[in-house]
Amino acid sequence: MNSINPHPELPQIPALLDAENLRQLLNCELIQDNNIQTRLHIEDCRIIRIKYRPGRNCLITCALSVSTAGGARASDVVVYFMVCRDGESAQVYNQSLSTATISTLFGPGVFHLPSIDSVLWIFPNDRKLKGIETLSDAGKIKNEVVPGILRQFRDGYRIAGHIDLRPIQYVPERSCSVRLDLDLQSGNRPQVEKIQVFGKFYRPGECESVWRALNEIWNSDECSSGLLVIPEPMAFLHQSQSLWLKWLTGKTIDEYDLGSEELSDSLVQMGKMLAALHRLEIDRLPATGMPDIRRKLDSTVDLISRARPDLQTKLLEVAGRLVSRFDSIPVEKNATLHGDLHLKNIFVQDDRRIAFIDLDNICSGDPTMELGSFIAYLYFRGLVEKRDLDQIEKLAASFIRAYAETGKVDPDERSLRWHIAAALIHERAYRCLTRLKGDRFHLIDNLIGLASEFST
Ligand SMILES: Nc1ncnc2c1ncn2[C@@H]1O[C@H](COP(=O)(O)OP(=O)(O)O)[C@@H](O)[C@H]1O
Ligand SMILES: [Mg+2]
């Protein structure tokens, strides 16, 4: 494969993508160089997430297994580091010193690693998510978080002992999802009720609008009649910038085999449910549209042209064709869009009913744009799992049929194909390059090839 370094402004990245290399580096730079007294040793390092922000920096999240001298059991520690452009890490570090205040197994919550121009944060210290500091403060959880949730959702209930709060998904500088298990009692009744709550911490100012939209959906006729299902909103805690929702039992539909009957049944249900979401009217949602697609297409073309110069000609041809049709593609009336629709954001409950989760990017826009984006995701999954793409075509067709029958609108075929092609490039190919998962890099050829077919 003819590939050059796709991130020339961050030349240190390739060496950091090797977990064993990273483990050794952290043992030297983080532990030895900082004279950590307790003589810690990183036994294992697993890279769990990478987010390359072209032209700016790269965030790498790792799960470390750390042993202490004489310690019987290794501790699991999650860290992330920001790989900075030449000479920029000192300033980032200095700005973070006063805010990363939670002490950790390593002592401080933030470290400067000058040899790789990086800054490292140890969970729950985070440059943007101040609310997750609560996770290390049992007193705050007991006296502020839980009473705050109960006041809004189970007034009259009190804690009857057990409280367990643990992270289930952490996206540094963006969000942290948690599960809260509680034992509750009400009045002087002796029975203890066990409840589970899903919580999510956001960046400052980001959760009010999501909270408002979730409540509007929850109180809509579509939701009360069961046509649309989301987890019930329970509480919004301003202090910790967190939202709390009913815990659902089940799994996300990406856990189903792409060829399974369960998946195709769920997609039919989901098509119907999406039609119900799209027709909801919610005020003051951020709008998304063709100019956003144009901007994203341009930056993807830039990025891929640098990373894969061998694909530039083909890519320019496809992108050029899409752009030339910009004005002739019919734009539907604005609908309420989920905004981040893929198989990990659709939940199948134990009773097989599906629910939409992760509505953080809810927005208004052309519904065909969301349909195209979702179908592009299905094709991407088909490529990842090396499926026969005819199978994906059938899945997509039955999903669209269910959507169209329920919504009583037939998506315009030409517009749908245009949006599938555009999303294959600016969402799927773009992510293959910014998530830096080695096995995804080679998919870009296929994604551009597919986009070319859809764009003709
Ligand atoms: N209400 C819920 N009940 C149970 N699990 C949930 C709920 N909402 C989300 N999850 C689980 O938590 C994960 C992360 O939630 P999500 O809102 O999708 O966060 P992210 O923005 O990190 O993708 C989901 O993939 C799902 O497995
Ligand atoms: Mg999600």
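Structure first, text after, so check above.
So, how was this worked out
Residues numbered from 1 in each chain as written. Chains lettered and ligands numbered in written order. Predicted model: local features only at pLDDT ≥ 70, side-chain atom pairs only at ≥ 80, totals over all residues. Heavy atoms only, no water. Donors = N, O, S within 2.8 Å, 3.2 Å for Na, K, Ca; no water. Helix = DSSP H or I, 4+ residues; strand = E, 2+ residues; numbered from the N terminus. Near = heavy atom within 4 Å. Polar contact = N/O pair within 3.5 Å; in protein donor to acceptor, adjacent residues only side chain to side chain. Nonpolar A, V, L, I, M, F, W, Y, C, P; charged D, E, K, R; others polar. Domains from an automatic or database assignment. Phe/Tyr/Trp six-rings, centres within 6.5 Å; stacked < 30°, edge-to-face > 60°. Buried < 20%, exposed > 50% of the residue type's maximum accessible area, 1.4 Å probe, protein only. Lys NZ or Arg CZ within 6 Å of the ring centre and 35° of its normal. Lys, Arg positive; Asp, Glu negative; His and termini not counted. Salt bridge = Lys/Arg side-chain N within 4 Å of Asp/Glu carboxyl O. Contact = heavy atoms within 4.5 Å. Axes fitted to C-alpha atoms, helices over the stretch in contact; angles between N-to-C directions. Parallel < 35°, antiparallel > 145°, perpendicular 65-115°, else oblique. Left-handed = near helix turned anticlockwise from the far one by under 90°.

Undergrad: Would you explain the coordination of the magnesium ion (ligand 2) in this entry?
TA: Ideal values differ by geometry: the angle at a metal is 109.5 degrees with four tetrahedral donors, but 90 or 180 degrees with six octahedral donors. Listed as protein donors to the magnesium ion (ligand 2) are Asn-345 (OD1) and Asp-358 (OD); their distances from the metal cover 2.2 Å. Taken together, the residues span a long stretch of sequence, with Asn-345 in the loop between β12 (335-337) and β13 (346-349) and Asp-358 in the loop between β14 (354-356) and β15 (363-365) at a distance of 13 residues.

Undergrad: Would you explain the site of ligand 1 in this entry?
TA: Around ligand 1, a shell composed of 17 residues is seen, among which Gln-169, Lys-200, Lys-246, Leu-248 and Asp-358 lie nearest. Within the contact set of ligand 1, an oxygen atom lies 2.8 Å away from a side-chain nitrogen or oxygen of Gln-169. At the level of elements, β6 (157-171), β7 (175-186) and β8 (193-202) are the ones that each hand at least two residues to the shell around ligand 1. A total of three residues in the shell around ligand 1 trace back to one element, the largest contributor, which is β6. Partitioned by chemical class, the residues of the shell around ligand 1 number eight nonpolar, five polar and four charged. Looking at the shell around ligand 1, you find at least three residues from each of domain 2 (131-246) and domain 3 (251-455).

Undergrad: How do you make sense of the packing of aromatic side chains when you look at a structure like this?
TA: Any pair of aromatic rings gets described here by the distance separating the centres and the angle formed by the planes. Under the definition given, this model contains ten aromatic pairs. Arranged with centres 4.9 Å apart and planes meeting at 10°, the rings of Tyr-80 and Trp-121 form a pair that is stacked. Of the two residues, Tyr-80 sits in strand β3 (residues 75-83) while Trp-121 sits in strand β5 (residues 118-122), which places them 41 residues apart along the sequence. Since its relative accessible area comes to 1%, Tyr-80 is described here as buried. A relative accessible area of 1% means that Trp-121 is categorised as buried. Between the aromatic rings of Phe-201 and Trp-244, the centroid separation amounts to 5.9 Å while the plane-to-plane angle is 85°, which identifies the pairing as edge-to-face. Of this pair, Phe-201 sits in strand β8 while Trp-244 sits in strand β10 (residues 242-246), and the two are 43 residues apart along the sequence. Neither Phe-201 nor Trp-244 differs from the other in exposure class; each is buried. Linked through ring pairs, Tyr-80, Trp-121, Phe-123 and Tyr-170 together constitute an aromatic cluster. The lysine or arginine in question, Arg-179, covers the ring of Trp-247, its NZ or CZ lying 4.8 Å from the ring centre. The side chain of Arg-294 reaches across the aromatic face of Phe-326, ending 5.8 Å from its centre.

Undergrad: Looking at this model, I keep getting lost on the side chain of Glu-29. Mind explaining?
TA: Its location among the elements puts Glu-29 in helix α2 (residues 19-32). One buried charged residue, Glu-29, forms no salt bridge at all, with the nearest opposite charge on Arg-23 at 15 Å. Apart from residues no more than four positions distant in its own chain, Glu-29 is found in contact with Asn-34, Leu-113 and Ser-115.

Undergrad: Sorry, what's going on with unusual backbone geometry here?
TA: Peptide bonds are mostly trans, and most non-glycine residues show a negative phi. Along the chain, Phe-123 connects to Pro-124 via a cis peptide bond; the corresponding omega equals 5°. Relative to the helices and strands, Pro-124 is located in the loop between β5 and α4 (138-153). Backbone geometry places Asp-358, a non-glycine residue, at a positive phi of 55°. On the basis of relative accessible area, Asp-358 is assigned to the partly exposed category, the value being 25%.

Undergrad: Quick question: what am I supposed to make of the packing of helix α10 (residues 367-384) against helix α11 (residues 389-407) here?
TA: Helix-helix packing: each pair is described by the crossing angle between the helix axes and the interaxial distance. It is at 9 Å that the axes of α10 and α11 come closest, and there the two elements cross at 155°. Here α11 runs roughly antiparallel to α10, going by the angle between their axes. Between α10 and α11 lies a crossing of right-handed hand. Side by side, α10 and α11 meet where Pro-367, Leu-371, Phe-374, Ile-375, Leu-378, Tyr-379, Gly-382 and Leu-383 of the first sit next to Leu-389, Ile-392, Glu-393, Ala-396, Phe-399, Ile-400 and Tyr-403 of the second.

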